[in-house]
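# Residue-level structural notes
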Number of protein chains: 2
Amino acid sequence: MDPDALAKAFVEHYYSTFDSNRANLGSLYQEPSMLTFEGLKIQGAQRIVSHLTSLPFQQCQHTFTTVDCQPSGPAGGMLVFVSGSLQLAGEQHALKFSQMFHLMPTPQGSFYVMNDIFRLNYA
Amino acid sequence: MDPDALAKAFVEHYYSTFDSNRANLGSLYQEPSMLTFEGLKIQGAQRIVSHLTSLPFQQCQHTFTTVDCQPSGPAGGMLVFVSGSLQLAGEQHALKFSQMFHLMPTPQGSFYVMNDIFRLNYA
């Protein structure tokens, strides 16, 4: 699978999981994983999922506009950079966001999220 | 120097160099360095600088709003995620952008840009 297709497949999987049941995102992170969410730093799969599930909205819909990817180095990692918009239930306007993921390979041939940085883009 | 201060110092240096003389950015990249600029993939310090210096504007002013950073793994790299705005000479409105850098340590104790992904955030 070519890297661009892999990156897009990951992004589709990530946001469809986020929008249907955020608690299921836990399997994409591991203990060393880091999330910086609007400047707040969180480490570890369980803490990351606790934070994402405690965000003050129930329903949301991510739409991504661009997905860029690059290999991150000899360890086989991949950097994925996303721009898109986030529609919260009951809100009139969608919020623009940018997010980057650093995916690292697992021994099972899959990937986990080593680094995750999320920012809303205020107009 | 703590990582957040280092990331901020890098970002200040990068954009002040970009805005004063883009040709001087070459020393921040190396041969394996990759830039994805609005979806266009470019590899190698010389090609990257050629692209940046050929962008169709002469004067510009970057202002950054947020800088987030995380260590990228055991190799001592650092991920830096920036949001900000870009004012081009003669244009009325600034353009919002997001950019990520993956900095890798050099044997001399400095860093070079291994990965660079830039996107304008259209409203």
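How each quantity is defined
Residues numbered from 1 in each chain as written. Chains lettered and ligands numbered in written order. Predicted model: local features only at pLDDT ≥ 70, side-chain atom pairs only at ≥ 80, totals over all residues. Heavy atoms only, no water. Helix = DSSP H or I, 4+ residues; strand = E, 2+ residues; numbered from the N terminus. Rg over C-alpha atoms; globule rule 2.2 N^0.38 Å. Buried < 20%, exposed > 50% of the residue type's maximum accessible area, 1.4 Å probe, protein only. Contact = heavy atoms within 4.5 Å. Areas by Shrake-Rupley, 256 points an atom, 1.4 Å probe, with all protein chains shown as cover. Polar contact = N/O pair within 3.5 Å; in protein donor to acceptor, adjacent residues only side chain to side chain. Buried area = accessible area lost by both parts, 1.4 Å probe. Salt bridge = Lys/Arg side-chain N within 4 Å of Asp/Glu carboxyl O. Phe/Tyr/Trp six-rings, centres within 6.5 Å; stacked < 30°, edge-to-face > 60°. UniProt positions renumbered as here; feature names shortened; annotations may be inferred. Pairing = 2+ DSSP bridges.

### Structural notes on the overall build of chain A
- A count of helices and strands for chain A gives two helices and six strands.
- When its helices and strands are written in sequence order, chain A yields α-β-β-α-β-β-β-β.
- On C-alpha atoms alone, chain A measures out to a radius of gyration of 14 Å, which is about the 14 Å that the 2.2 N^0.38 rule sets for 123 residues.
- With the C-alpha coordinates of chain A rotated into their principal frame, the extents come out at 45 × 30 × 25 Å.
- Considering chain A as a whole, with its 123 residues, one finds that 50% of them fall into the buried category.
- Long-range contacts, defined as pairs at least 24 residues apart, comprise 44% of the intrachain contacts of chain A with a sequence gap of at least 6.
- For chain A, the accessible area works out to roughly 6000 Å², and carbon and sulfur atoms hold 54% of it.

### Section: the side chain of Asp116 of chain A
- Its place among the elements puts Asp116 of chain A in strand E6 (residues 111–120).
- Side chain to side chain, Asp116 of chain A and Tyr29 of chain A meet in a polar contact 2.6 Å long.
- With residues near it in sequence (within four places) discarded, Asp116 of chain A still touches Tyr14, Tyr29, Met34, Leu35, Thr36, Gln99, Met100 and Phe101 of chain A together with Gln70 of chain B.

### Focus: the interface of chain A and chain B
- With 28 residues of chain A at the interface, the matching set in chain B holds 28 residues.
- Taking both partners together, chain A and chain B bury about 2300 Å²; carbon and sulfur atoms supply 58% of that area.
- Summed over the three residues of chain A that lose the most area to chain B, namely Gln70, Phe81 and Arg119 of chain A, the buried surface amounts to 26% of that side.
- Taken together, the connections running from chain A to chain B amount to four salt bridges.

### A word on the packing of aromatic side chains
All names here are of chain A.
- Following the criterion strictly, the structure yields 21 aromatic pairs over all chains and no others.
- Taken together, a centroid distance of 4.7 Å and an interplanar angle of 5° make the contact between Phe37 and Phe118 stacked. Taken together, the residues span a long stretch of sequence, with Phe37 in strand E1 (residues 29–37) and Phe118 in strand E6 at a distance of 81 residues. Summarising the burial analysis for this pair, Phe37 and Phe118 share the class buried.
- Among the aromatic side chains, those forming a connected cluster through ring pairs are Phe10, Tyr14, Tyr15, Phe18, Phe37, Phe64, Phe97, Phe101 and Phe118.

### Description of the UniProt feature "domain: NTF2" (unreviewed entry) in chain A
- Under the present numbering, the feature "domain: NTF2" (unreviewed entry) in UniProt falls on residues 6–120 of chain A.
- With 21% helix and 50% strand, the stretch residues 6–120 of chain A has end C-alpha atoms that lie 24 Å from each other.

### Quick word on the pairing of strand E3 (residues 60–71) of chain B
Residue and element names in this part refer to chain B.
- The pairing of E3 with strand E4 (residues 78–88) spans 11 bridges and is antiparallel. Among the inter-strand pairings, Pro71 is bridged to a residue of E4, identified as Met78.
- The turn linking E3 back onto E4 is made up of six residues, and Gly73 within it adopts a positive phi angle of 150°.

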